[in-house]
Amino acid sequence: MSAHLASAQTLLPAHLASAQVPPPVYLASAQVPPPAHLASASLNPNMFDVVKKEVLKLLDAGLIYPISDSTWVSLVQVILKKGGMTVVTNEKNELIPTRTVTGWRVCIDYRRLNGATRKDHFPLPFIDQMLERLSGQQFYCFLDGFSGYFQIPISPEDQEKTTFTCPYGTFAYWHMPFGLCNAPATFQRCMMAIFKDMIETSMEVFMDDFSVFGSAFDHCL
């Protein structure tokens, strides 16, 4: 599938409109058959409301739209959303490290689609090298991108491949969702194109995490 920077003037700063468009991502073989239409997975009754709220949120945000004729249909999964670590006491009065659960996360199981997709091998930065460049700096500013993947539209001919089914219908994404195997590489390529003049000199970028650094506070600004 291909993701491009069409409408970059509205999604990104105007001077980035000329940034190189990420290359398309094709299916590994034209002979790969699409997965059969999959029936919606059985959900715990408590999960129906979780899925409903997520679908309504995505519809209201203009990120998905109803679709009825896709040849690719993936299933919705609801998993626990885990937070940080805490320490709890067990029945033997022992302190046990435990990861907290903060709620539920709705995910799309794109494993069949990912298995048929030609992989994008654009490299992600090495964390140890990023930390080495950050070491010794006097000022740091850490930023987290808001809904980063959703800033990248999916090309119209590939949107139907993102179709998912749930108890409330079948929907496809206008913008790049989580779960696609080439989404990290596509997003990192966009960030590298956008901040190419700053990376390694005053900024490090890993996906949607930004580390701004400098020898003076004004430099970080």
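Everything discussed here concerns the structure shown above.
Procedures and definitions
- Counting restarts for each chain, with residues numbered from 1 along the sequence as it is written.
- This being a predicted model, a pLDDT of at least 70 is required before a residue's local features are given, and a value of 80 or more before pairs of side-chain atoms are given or counted; all residues contribute to the totals for chains, interfaces and linings.
- Calculation of side-chain values draws on the structure's entire complement of heavy atoms; hydrogens and water are dropped beforehand.
- Under the DSSP-based scheme used, a helix requires at least four consecutive residues in state H or I and a strand at least two consecutive residues in state E, with every element numbered from the N terminus.
- Only protein chains enter the accessibility calculation, which uses a 1.4 Å probe; a residue whose area is less than 20% of its type maximum is buried, one above 50% is exposed, and one in between is partly exposed.
- Two residues form a contact once any of their heavy atoms are found within 4.5 Å.
- Each accessible area is a Shrake-Rupley result for a 1.4 Å probe, and residues are judged covered by the shown protein chains and nothing else.
- A helix is expected to reach a length of 1.5 Å times the quantity of its residues less one.
- The rule for pairing is simple: two strands pair if DSSP sees at least two bridges between them.
- Throughout, an axis means a line fitted to C-alpha atoms (over the contacting stretch in the case of helices), and angles, computed between N-to-C directions, take values from 0 to 180 degrees.
- Here is the rule: rings of Phe, Tyr and Trp (six-membered ring for Trp) pair when centre to centre is within 6.5 Å. Planes less than 30 degrees apart are stacked, more than 60 are edge-to-face, and the remainder are tilted.
- Salt bridge, as used here: a side-chain nitrogen of Lys or Arg that lies within 4 Å of a carboxyl oxygen of Asp or Glu.
- By nonpolar core we mean a set of buried residues, namely Ala, Val, Leu, Ile, Met, Phe, Trp, Tyr and Cys, connected to one another through side-chain atoms within 4.5 Å.
- Whenever two N or O atoms come within 3.5 Å, that pair is a polar contact, provided that in protein one can donate a hydrogen and the other can accept it, and provided that, for residues adjacent in sequence, both atoms are side-chain atoms.

Novice: Any details on the overall build of the chain? Residues and values, ideally.
Specialist: Within the chain, the secondary structure is distributed over six helices and eight strands. For the chain, the sequential pattern of α-helices and β-strands runs α-α-β-β-β-α-α-β-β-β-α-β-β-α. For the chain, the proportion of its 221 residues judged to be buried stands at 37%. Relative to all contacts within the chain whose residues are 6 or more apart in sequence, the contacts with residues 24 or more apart total 69%. When the accessible surface of the chain is totalled, it reaches about 13,200 Å², and 58% of it is carbon and sulfur.

Novice: Report on helix α5 (residues 183–194), specifying residues and quantitative values.
Specialist: Note: α-helices contain 3.6 residues per turn, so residues at a spacing of three or four share the same orientation. Taking 1.5 Å per residue, twelve residues should reach 16 Å; α5 reaches 17 Å between its end C-alpha atoms and fits that length. Across the twelve residues that make up α5, a large majority, nine, are buried. All buried positions along α5 are accounted for by Ala183, Ala185, Thr186, Phe187, Gln188, Arg189, Cys190, Met191 and Ile194.

Novice: Outline the pairing of strand β7 (residues 203–206), supporting the account with residue identities and numerical values.
Specialist: Where a strand is regular, its side chains alternate between the two sheet faces. Across four bridges, β7 lies against strand β8 (residues 209–214) in antiparallel orientation. Considered in β8, the bridge of Val205 is made with Phe210. Counting the residues in the hairpin turn of β7 and β8 gives two residues, including Met207, whose phi is positive at 60°.

Novice: I'd like to hear about the sheet that holds β7, residue by residue, with values.
Specialist: The strand order β4-β8-β7 describes an open sheet built from three strands, whose pairing is antiparallel. The sheet terminates laterally at β4 (139–144) and β7, the two strands that pair on one side only. Averaged over all pairs of adjacent strands, the angle between strand axes in this sheet comes to 15°, irrespective of strand direction. Helix α4 (residues 127–134) contacts β4, β7 and β8 of the sheet and is inclined by roughly 160° relative to β7.

Novice: Describe the packing of aromatic side chains, with residues and values.
Specialist: Enumeration over the complete set of coordinates arrives at six aromatic pairs. When the centroid spacing of 6.3 Å and the interplanar angle of 20° are considered together, the rings of Phe150 and Tyr173 count as stacked. Pair noted here: Phe150 is in the loop between β4 and β5 (164–166) and Tyr173 is in strand β6 (residues 169–173), with a separation of 23 residues, a long-range link. The same class applies to Phe150 and to Tyr173, which are both buried. Ring geometry for Phe195 and Phe210: centres 5.5 Å apart, planes at 65°, overall edge-to-face. A residue pair is termed long-range when its members are at least 10 positions apart, and Phe195 in the loop between α5 and β7 and Phe210 in strand β8 qualify at 15 residues. Through a chain of ring-to-ring contacts, three or more aromatic side chains come together here, namely Phe150, Phe164, Phe171, Tyr173 and Phe178.

Novice: Could you give me a rundown of the pattern of salt bridges, with the residues and numbers involved?
Specialist: Following the criterion strictly, the structure yields five salt bridges and no others. A salt bridge links Lys53 to Asp49; the shortest N-O distance between them is 3.4 Å. With Lys53 and Asp49 both in helix α2 (residues 45–60), this residue pair falls four residues apart, about one helical turn. Note on Asp49: relative accessible area 41%, which makes it partly exposed. The partner of Lys161 in a salt bridge is Asp158, with the nearest N and O atoms 2.7 Å apart. One exposure class covers both Lys161 and Asp158, and it is buried.

Novice: I'd love a proper account of unusual backbone geometry, names of residues and values included.
Specialist: Where the residue is not glycine, phi is negative for most of them; where a peptide bond is considered, it is trans in most cases. A positive phi angle, near 65°, is found at Asn93, a position not held by glycine. Inspection of the secondary structure puts Asn93 in the loop between β2 (74–89) and β3 (95–109). Accessibility expressed as a relative area gives 64% for Asn93, which makes it exposed.

Novice: Tell me about the nonpolar core, residues and numbers included.
Specialist: Ranked by internal contacts, the top residues of the largest apolar core, which has 36 residues, are Phe164, Tyr173, Met176, Met191 and Phe195. Every element with two or more residues in this core is listed here: α2, β2, β5, β6, α5, β7 and β8. If you tally residues by element for this core, the top one is α5, at five residues. Excluding its chain neighbours within four sequence positions, the residues that come into contact with Phe164 are Val55, Ile64, Ser74, Val76, Ile108, Gly169, Thr170, Phe171 and Tyr173.

Novice: Would you mind going over the side chain of Asn182 in detail, with residue names and values included?
Specialist: Inspection of the secondary structure puts Asn182 in the loop between β6 and α5. Engagement of the side chain of Asn182 in a polar contact is seen with the backbone nitrogen of Asp120, the distance being 2.8 Å.

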